[in-house]
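Observations on the model geometry
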Amino acid sequence: ATTNSVEIGQQLQLTATVTPTSATDKSLTWASSNTAVATVSSEGIVTGVAAGTATITATANDGSNVSGSITITVEAVQIAVTGITLSAPSTNVAEGRQLQLTAIVAPTNATDKSLTWSSSNTAVATVSSQGIVTGVAAGTATITATANDGSNVRGSVTITVKAAEVAVTGITLSAPSTNVAEGRQLQLTATVAPTSATDKSLTWASSNTAVATVSSQGIVTGVAIGSATITATSNDGSNVSASITISVVEAKATVTEITLSAASNSLYTGFTLPVTAVTAPDDAADTSVTWSSSNTAVATVDSEGLVTGVAAGSVTITATANDGGGASGSIALTVNESYPINFDKSATSTHGDRYLQAIRLQPANGNQQSIGVASAKNSAVYYDFTTSSDGFSCIANETLTPEFHYQADGGWMSGYLYVDTGNDGTFSYSDTADGLTDLVSVSTHDFNSGEDGNLKTNKIISMASFTAPSAPGTYRMRYKVDWASTDPGGNTSNSIITNGGAIVDILLKVYARGDVNGDGRVNVVDIAALNAAINGNATITEVRTDINRDGNVDTDDVSALQQIILNAK
């Protein structure tokens with residue numbers, strides 16, 4: 001035999017070689033040491049009976065008593081795996097959760113049913129030796145079970161790992177009104193928390209459908225006079241709910257027309273414009289409206305109709321009646337860039353011998369205030385100091401004199417100062433330099449009067465004095481050096497860039513006289529703040545502490561402040 005083993009039920013031919021070859025009688029007698037394991041025929045054919053071992057012996061029949069033996073191992077019949085089928089309660093599993101896979105091996109009597117499990121992407125899902133899948137991260141992975149019997153038979157299933165489910169923790173219901181007329185509808189809004197909840201769907205119900213019904217979208221319909229509680233319940237199994245009581249009232253006149261109006265059809269970015277809604281008829285039961293913007297990237301509108309400019313563009317503001325009648329009104333608005341500049345704000349001057357070195361402001365009584373601008377030629381043309389500097393400060397109605405420190409070898413350049421007194425996002429001006437609201441000062445430059453010499457010698461552009469705003473607050477100012485142009489955005493025909501001009505935007509903080517702590521009021525608290533400043537225990541600008549405007553901050557200012565407070569009583 002070429003092997004010493006045979007499977008149960010199978011046969012194995014043994015071969016006996018007798019020596020010498022010239023022996024007279026070569027016949028043999030075959031025997032098994034354990035016929036319960038293996039039998040042997042007279043021709044040496046071994047038949048496997050049961051798993052185990054048996055010694056097969058061949059003995060010479062010539063009386064020599066010579067024999068030969070071999071140990072035969074009888075093995076169970078090996079039945080190979082022919083198929084593997086994988087199944088699971090679901091092909092989805094959440095991150096961090098587990099899923100048990102079941103493997104069915106065919107045939108059922110396969111000798112070795114053991115399997116090796118593997119995942120095509122362990123970054124998405126892993127699998128244990130028992131077929132337990134664990135979700136790691138959102139995505140898909142193929143789970144494979146491979147037979148260990150050498151048949152290389154495999155079974156696979158694709159598992160999808162979903163983001164971990166987030167349960168609903170709260171629901172808030174809101175409505176334009178808690179009243180709805182008979183036969184009318186009212187849209188409820190449900191806000192689900194957290195915003196990351198996996199399933200935000202809700203089931204709506206009414207406590208009394210004879211009074212009010214509610215649709216799957218939260219639309220309440222008034223049926224009969226009375227009240228009903230409308231409840232929204234989460235569908236994710238968290239059983240979170242919220243309710244609102246709606247009163248159904250007698251049907252009355254509804255809004256049929258809404259007219260919108262505003263002081264202007266335009267506004268500036270960062271500024272607001274109130275829009276007014278007038279409803280008709282006058283006897284409409286519910287005149288409340290809901291406001292909306294056609295493009296919130298251009299302008300937003302609040303619940304009171306206050307529009308805020310966001311970016312330059314066109315937008316339609318709409319007010320819709322809350323009584324369910326469907327009436328609405330709209331107004332088209334244009335949003336313009338606030339405080340526009342007529343050139344690229346990143347541009348640099350192309351005039352080699354001119355640049356704005358500093359801007360200054362001199363109160364009639366007080367120290368001059370100065371802010372540096374540029375220190376070299378070919379500098380920037382536009383500077384925005386409204387966020388990077390505290391700006392200038394003064395007392396309401398105070399006389400102020402601006403000044404430009406302008407490095408130039410002469411030239412017909414003039415100074416202009418604008419104050420946005422209306423705080424409306426633009427500097428009002430006209431084509432002439434006289435009598436304008438926001439153009440408060442223009443240089444007295446005159447080539448024939450010696451001003452050109454002053455500019456050459458002292459590097460100063462002198463300006464006319466003006467009166468500070470009467471209302472305390474913060475105002476935007478614009479200092480501009482330009483060639484004969486009152487346009488606050490800069491001369492474009494005889495370019496501000498090529499002429500070495502400059503524009504500086506800065507804030508002017510206007511305080512009431514005696515408002516030492518800057519809280520907008522003048523009272524005994526300011527006396528304490530002033531004493532602290534005099535004693536060196538607080539740092540407060542001289543504009544607010546030099547009450548009597550004599551250039552010093554001392555006890556005389558305390559007396560002056562006390563008198564102001566006394567006179568105000």
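Quick caveat: nothing in here was measured; it's all calculated off a predicted structure. (Residues numbered from 1 in each chain as written. Predicted model: local features only at pLDDT ≥ 70, side-chain atom pairs only at ≥ 80, totals over all residues. Heavy atoms only, no water.)

1. Looking at the confidence of the model for the protein
The predicted model of the protein has a mean per-residue pLDDT of 89, with 95% of residues at 70 or higher. Confidence over residues 446-453 falls short of pLDDT 50; this stretch has eleven contacts with residues more than four positions distant or in other chains. (pLDDT = per-residue confidence, 0-100. Contact = heavy atoms within 4.5 Å.)

2. A short note on the nonpolar core
Among the nonpolar cores identified, the biggest contains 32 residues, and Leu356, Ile359 and Tyr479 are the most heavily contacted of them. Secondary structure elements with two or more residues in this core: strand E34 (355-363), strand E37 (392-395), strand E38 (399-407), strand E39 (414-419), strand E43 (473-482) and strand E44 (502-511). With five residues, the single largest contributor to this core is E44. (Core = buried A, V, L, I, M, F, W, Y, C linked by side-chain atoms within 4.5 Å. Buried < 20%, exposed > 50% of the residue type's maximum accessible area, 1.4 Å probe, protein only. Helix = DSSP H or I, 4+ residues; strand = E, 2+ residues; numbered from the N terminus.)

3. With respect to unusual backbone geometry
Here the amide bond leading from Thr19 into Pro20 is cis, since omega sits at 0 degrees, within 30 degrees of zero. Here Pro20 lies in the loop between strand E2 (11-13) and strand E3 (28-32). With an omega of 5 degrees, the peptide bond running from Ala280 to Pro281 counts as cis. Position of Pro281 among the secondary structure elements: in the loop between strand E28 (272-280) and strand E29 (289-293). A positive phi is found at Asn239, a non-glycine position, where the angle reads about 60 degrees. The residue Asn239 is located in the loop between strand E24 (226-234) and strand E25 (241-249) in this model. Asn239 sits in the exposed class, given a relative accessible area of 61%.

4. What to know about the side chain of Ser441
Structurally, Ser441 is set in strand E40 (residues 439-442). Here Ala464 takes part through its backbone oxygen, which lies 2.6 Å from a polar atom of the side chain of Ser441. Excluding residues within four positions of it along the chain, Ser441 makes contact with Pro402, Gly415, Tyr416, Leu417, Met463, Ala464 and Phe466. (Polar contact = N/O pair within 3.5 Å; in protein donor to acceptor, adjacent residues only side chain to side chain.)

5. Structural notes on the environment of Gly324
Mapped onto the elements, Gly324 comes out in the loop between strand E32 (313-321) and strand E33 (328-336). Sequence separation between Gly324 and Thr254 is 70 residues; the distance between their C-alpha atoms is 8.2 Å.

6. Thoughts on the layout of surface pockets
Each pocket or cavity is described by its volume, and for the largest pocket that value is around 330 Å³. Considering the residues around the largest pocket, the lining is formed by 21 residues, among which Ala16, Thr17, Leu28, Ala58 and Gly68 are closest to the centre. Those elements that provide at least two residues to the lining of the largest pocket are E3, strand E6 (52-60) and strand E7 (67-75). When residues of the lining of the largest pocket are assigned to their parent elements, the largest contribution, four residues, is made by E7. Considering only enclosed or pocket space, the second largest pocket measures out at about 230 Å³ in volume. Considering the residues around the second largest pocket, the lining is formed by 16 residues, among which Asn179, Ala181, Val249, Ala285 and Asp286 are closest to the centre. Looking at the lining of the second largest pocket element by element, the count peaks at three residues for strand E18 (residues 179-181). For the lining of the second largest pocket, the residue count by class is six nonpolar, five polar and five charged. (1 Å grid on protein atoms, 1.4 Å probe; cavity = no way out; pocket = protein on both sides within 12 Å on 5 of 7 lines; lining within 4 Å. Points joined across faces, edges and corners; volume = space filled by probe spheres on them. Nonpolar A, V, L, I, M, F, W, Y, C, P; charged D, E, K, R; others polar.)

7. Focus: the packing of aromatic side chains
The geometry of an aromatic ring pair is captured by two quantities: the separation of the ring centres and the angle between the planes. Enumeration according to the criterion identifies six aromatic pairs in this entry. Pairing Phe271 with Tyr339 gives two aromatic rings, centres 5.9 Å apart and planes at 70 degrees, and the pair type is edge-to-face. Of this pair, Phe271 sits in the loop between strand E27 (266-268) and E28 while Tyr339 sits in the loop between E33 and E34, and the two are 68 residues apart along the sequence. A centroid spacing of 6.0 Å and a plane angle of 50 degrees characterise the contact between Tyr383 and Phe385, whose relative ring orientation is tilted. When sorted by exposure, Tyr383 lands in the same class as Phe385, which is buried. Here the aromatic residues Phe271, Tyr339, Tyr418 and Phe427 are joined through ring pairs into a cluster of three or more. A cation sits over an aromatic face here: Lys480 above Tyr416, 4.2 Å from the ring centre. (Phe/Tyr/Trp six-rings, centres within 6.5 Å; stacked < 30°, edge-to-face > 60°. Lys NZ or Arg CZ within 6 Å of the ring centre and 35° of its normal.)

8. What to know about helix H4 (residues 555-568)
Its 14 residues place the ends of H4 20 Å apart at the C-alpha level, agreeing with the 20 Å of an ideal helix rising 1.5 Å per residue. Inspection of H4 places Asp557, Val558, Ala560, Leu561, Ile564 and Ile565 among the buried residues, and these make up the whole buried set. Considered in projection along H4, the buried side chains sweep an arc of 165 degrees and stay on one side of the axis. Facing away from the buried side of H4 by more than 90 degrees, the exposed set consists of Thr555, Leu566 and Asn567. At the N-terminal boundary of H4, the capping side chain belongs to Asp554, with an oxygen 3.0 Å from the backbone nitrogen of Asp556. (Expected span 1.5 Å × (residues − 1). Arc of directions from axis to C-beta.)

9. Examining empty space enclosed by the protein
According to the stated counting rule, one finds two cavities of 30 Å³ or more in the structure shown. Quantified by volume, the largest cavity comes out at close to 40 Å³.

10. Describing the packing of helix H2 (residues 524-534) against H4
Here H2 crosses H4 at 175 degrees, and the two axes come no closer than 10 Å. As judged from the angle between their axes, H2 and H4 are roughly antiparallel. Between H2, through Val524, Asp526, Ile527, Leu530, Asn531 and Ile534, and H4, the contact on the second element is made entirely by Thr555, Asp557, Val558, Leu561, Gln562 and Ile565. Taken together, the residues of the contact of H2 with H4 break down into seven nonpolar, three polar and two charged. (Axes fitted to C-alpha atoms, helices over the stretch in contact; angles between N-to-C directions. Parallel < 35°, antiparallel > 145°, perpendicular 65-115°, else oblique.)

11. Some remarks on the side chain of Arg476
Inspection of the secondary structure assignment puts Arg476 in strand E43. Since its relative accessible area comes to 15%, Arg476 is described here as buried. Side-chain polar atoms of Arg476 contact the side chain of Asp505, separated by 3.0 Å. Those residues in contact with Arg476 that sit more than four places away from it in its chain are Tyr339, Tyr382, Asp384, Thr386, Tyr418, Val419, Asp420, Asn423, Phe427, Asp505, Ile506 and Leu507.

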